[in-house]
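Results of the structural survey
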Amino acid sequence: MKKSLVFSKHSEEMRVALLENDKLMEIFFEDLEAGKLSGKIFLGRIENVVPALESFFVNIGTKKNGFLRFKDTTVDPNSLHRGSFIIVQVKKDGNTRKGPQLTMRIDIPGRYMVYMPYGENSIGISKKIFSLSEKDRLREIGEILIETEEEGLIFRTNSENVDFESIKNEFYNLKLIWNNILKKAKLYNKPTLLFEDENFVQYILREKLDNNTYEIITDDIELFKIFNKLKTQYSNLKVRKVDIDAFSWAKIYEQLDDLFARKIELPSGGVITIDKTEALTVFDVDSASNVLEKDVETTSFKTNLEAAKEIARQLRLRNIAGIILIDFIDMKDNYHKEEIINIFREETLKDKAKVSISGFTKLGLLELSRKRTTPSIDALLFTQCPICQGTGKIASPRIVFRRALKELEESLTDLKEKHNIKEVYASVYHNLSGYFTKEKKKELEKNSM
């Protein structure tokens, strides 16, 4: 897999694209990332206890109170009450209706590991590390580093084959961050931000740069200097400075339509339709113009294979989460169904977010879920249409005409009794011109006399 990162700086705005085999897989905007709360650690004050929801509402100094479930506390919930100050981390960003979801089970991420001050002596290892001997090595390192029964850690994919000293240094750096958070919390008696992640560029490098990244491209000279220093850590990494907009150079603008389109065309001629509801996202696969194969089963299978790869990409690109249903083209062969699941599982291994595949339902729908902590791209880039209220539909011209006609007739009847009205002007959209004909005008005039 040919993986690259593209950094484009334009008018002080930073944008980053992650490409795999020159295809856009993920995109990030600095100004949009800045508004996210996920991962930030706050000193919060409990404003309300709601036993019916087994939750607390916690003031963290933002517009909306956060939501802390009893099961996400690290102490007996009965020991907490209104007015109690607690250290919490934003687990999931809120939306227009709900505040952010909080937890007292703090995670402090590094490049090689996630440090958990309340990890209960647990050691986790990324599922993307497959070597049993490497897992054993990392587990032994974890047992050496963990010093108390409270703390724990999770080894990230980047920790694979990293030397003990590098891992140890990061462990103590993360532990120092936590101790500084505890010290800072003692200085305040109001809701306060205690810790936020590194700057945008450092965050992207930590989360997206790995040994599979072969090139970083940028159009900014200062970033070019920073990235050049990374070559000491990644011997095969290339760093390129381009003289034009890096997004234009890497042909990213040409792929941005995939962020907004409801229908995505597949190479074979098939089509994927994406529909998002409040509770879930549905993908519908159609063979459309794909009629090249020898029979229906082969056509369905090959189209579905392409669709599985593209849907996995769309989940990452749009940052779609929650319940996801995929209506693939019907296949009779169970082997083909298993192959689709295997391909989909293989593609989602590239995804940082956790994807759980439940399998095909009795109705033939592939059911899965994807977990994320930040808003989807469409929630960040789009706002609800004030006309259709997000349905994508408006009243037909015929309905609008009838409604306008009724209101016009009622107005004329009311005004005729009170005033000497001689003329009435009605301004309508051009698509109603075929309805407001001369005949209809004469009819209105006759009825109003």
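Residues numbered from 1 in each chain as written. Predicted model: local features only at pLDDT ≥ 70, side-chain atom pairs only at ≥ 80, totals over all residues. Heavy atoms only, no water.

**Some words on the overall build of the protein**
Broken down by element type, the protein carries 12 helices and 21 strands. A globule of 449 residues ought to have a C-alpha radius of gyration of about 22 Å, yet the protein, at 28 Å, is considerably larger. Along the first, second and third principal axes, the C-alpha atoms of the protein reach 95 × 70 × 55 Å. Pairs at least 24 residues apart make up 62% of the contacts formed inside the protein by residues separated by at least 6 positions. If you sum the accessible surface of the protein, you get close to 26,200 Å²; carbon and sulfur atoms cover 51% of it. Across the protein, the mean location of the 72 positive side-chain charges is 4 Å away from that of the 70 negative side-chain charges. (Helix = DSSP H or I, 4+ residues; strand = E, 2+ residues; numbered from the N terminus. Rg over C-alpha atoms; globule rule 2.2 N^0.38 Å. Contact = heavy atoms within 4.5 Å. Areas by Shrake-Rupley, 256 points an atom, 1.4 Å probe, with all protein chains shown as cover. Lys, Arg positive; Asp, Glu negative; His and termini not counted. Charge placed at Lys NZ, Arg CZ, Asp CG, Glu CD.)

**Quick notes on the side chain of His336**
Within the fold, His336 resides in helix 9 (residues 334-348). In this structure, His336 is in contact with Glu297, Phe301 and Met331, ignoring residues within four places of it in sequence.

**A short note on the side chain of Gln314**
Following the sequence through the fold, Gln314 ends up in helix 8 (residues 296-318). Judged by its relative accessible area of 1%, Gln314 is buried. Looking at Gln314, its side chain comes within polar contact range of the side chain of Arg318, at 2.6 Å. Apart from residues lying up to four places away in sequence, Gln314 is in contact with Asp258, Ile264, Ile274, Phe283, Asn319 and Ile320. (Buried < 20%, exposed > 50% of the residue type's maximum accessible area, 1.4 Å probe, protein only. Polar contact = N/O pair within 3.5 Å; in protein donor to acceptor, adjacent residues only side chain to side chain.)

**Some remarks on the packing of helix 2 (residues 132-145) against helix 3 (residues 164-185)**
At a closest axis distance of 11 Å, the pairing of helix 2 and helix 3 adopts a crossing angle of 45°. Put simply, helix 2 runs oblique to helix 3. The two elements helix 2 and helix 3 cross, and the hand of that crossing is right-handed. Here helix 2 contributes Arg137, Leu138, Ile141, Ile144 and Leu145 to the contact with helix 3, which in turn contributes Phe164, Ile167, Lys168, Phe171 and Tyr172. (Axes fitted to C-alpha atoms, helices over the stretch in contact; angles between N-to-C directions. Parallel < 35°, antiparallel > 145°, perpendicular 65-115°, else oblique. Left-handed = near helix turned anticlockwise from the far one by under 90°.)

**A short note on helix 2**
Three- or four-residue spacings in an α-helix give side chains the same orientation, since the helix completes a turn every 3.6 residues. Counted at 1.5 Å a residue, the expected span for helix 2 with its 14 residues is 20 Å, and the 20 Å between its end C-alpha atoms agrees. Turning to helix 2, its buried residues are Glu134, Leu138, Ile141, Gly142 and Leu145. Down the axis of helix 2, the buried set is contained in an arc of 100°. They therefore lie on one face. Residues of helix 2 that are exposed and point more than 90 degrees away from the buried face comprise Leu132, Ser133, Glu143 and Ile144. The secondary structure elements touched by the buried residues of helix 2 are strand 10 (113-116), strand 11 (123-125), strand 12 (152-155) and helix 3. (Expected span 1.5 Å × (residues − 1). Arc of directions from axis to C-beta.)

**A look at a nonpolar patch on the surface**
Together, Phe260, Leu381 and Phe382 give the surface a local cluster of nonpolar side chains, amounting to about 270 Å² of exposed area. On the secondary structure map, Phe260 appears in helix 7 (residues 257-260). We classify Phe260 as partly exposed; its relative accessible area is 45%. (Patch = residues over 30% accessible without salt bridge, like charges linked within 9 Å, V, L, I, M, F, W, Y side chains within 5 Å. Salt bridge = Lys/Arg side-chain N within 4 Å of Asp/Glu carboxyl O.)

**Some thoughts on the pairing of strand 20 (residues 355-360)**
Looking at chain direction, strand 20 and strand 21 (residues 366-370) are connected through 5 bridges and run antiparallel. The residue bridging Phe360 from the neighbouring strand is Leu366, located in strand 21. Here strand 20 folds back onto strand 21 in antiparallel fashion, the turn holding 5 residues, of which Gly364 has a positive phi close to 85°. (Pairing = 2+ DSSP bridges.)

**Details of the packing of aromatic side chains**
The full count for this structure, using the stated rule, is 8 aromatic pairs. Considering the side-chain rings of Phe171 and Tyr172, the 5.2 Å spacing of their centres and the 80° angle between planes classify their relative orientation as edge-to-face. For Phe171, a relative accessible area of 0% translates into the label buried. Its relative accessible area of 36% is what places Tyr172 among the partly exposed residues. (Phe/Tyr/Trp six-rings, centres within 6.5 Å; stacked < 30°, edge-to-face > 60°.)

**Details of the environment of Asp257**
Examined against the element boundaries, Asp257 turns out to sit in helix 7. Each C-alpha atom, one on Asp257 and one on Lys362, is 34 Å from the other, the two residues being 105 residues apart in sequence.

**Some remarks on the sheet that holds strand 10**
Strand order in this open sheet of 4 strands is 9-10-12-11, and the pairing throughout is mixed. With partners counted over all chains shown, the strands left at the sheet margins are strand 9 (108-109) and strand 11, one partner each. As defined by bridge partners, strand 11 adjoins strand 12 across 3 bridges and the pair is classed as parallel. Residue pairing for strand 12: Gly124 is matched across the bridge by Ile154. Lying over the sheet, helix 2 contacts strand 10, strand 11 and strand 12, oriented at roughly 150° with respect to strand 11.

**Here's the deal with the pattern of salt bridges**
The tally for this structure, following the rule as stated, stands at 28 salt bridges. Between Asp22 and Lys2 there is a salt bridge; the shortest N-O distance is 3.7 Å. Of this pair, Asp22 sits in the loop between strand 2 (13-20) and strand 3 (23-29) while Lys2 sits in the segment before strand 1 (3-10), and the two are 20 residues apart along the sequence. Look at Asp22 and you get partly exposed, because its relative accessible area is 44%. For Glu120, the salt bridge goes to Arg105, with nearest N and O atoms at 3.9 Å. On the criterion of sequence distance, the pair formed by Glu120 in the loop between strand 10 and strand 11 and Arg105 in the loop between strand 8 (101-103) and strand 9 is long-range, its members being 15 residues apart. Overall, the relative accessible area of 34% leaves Arg105 in the partly exposed class. Linked by salt bridges that have partners in common, Glu20, Glu26, Lys208 and Arg316 make up one network.

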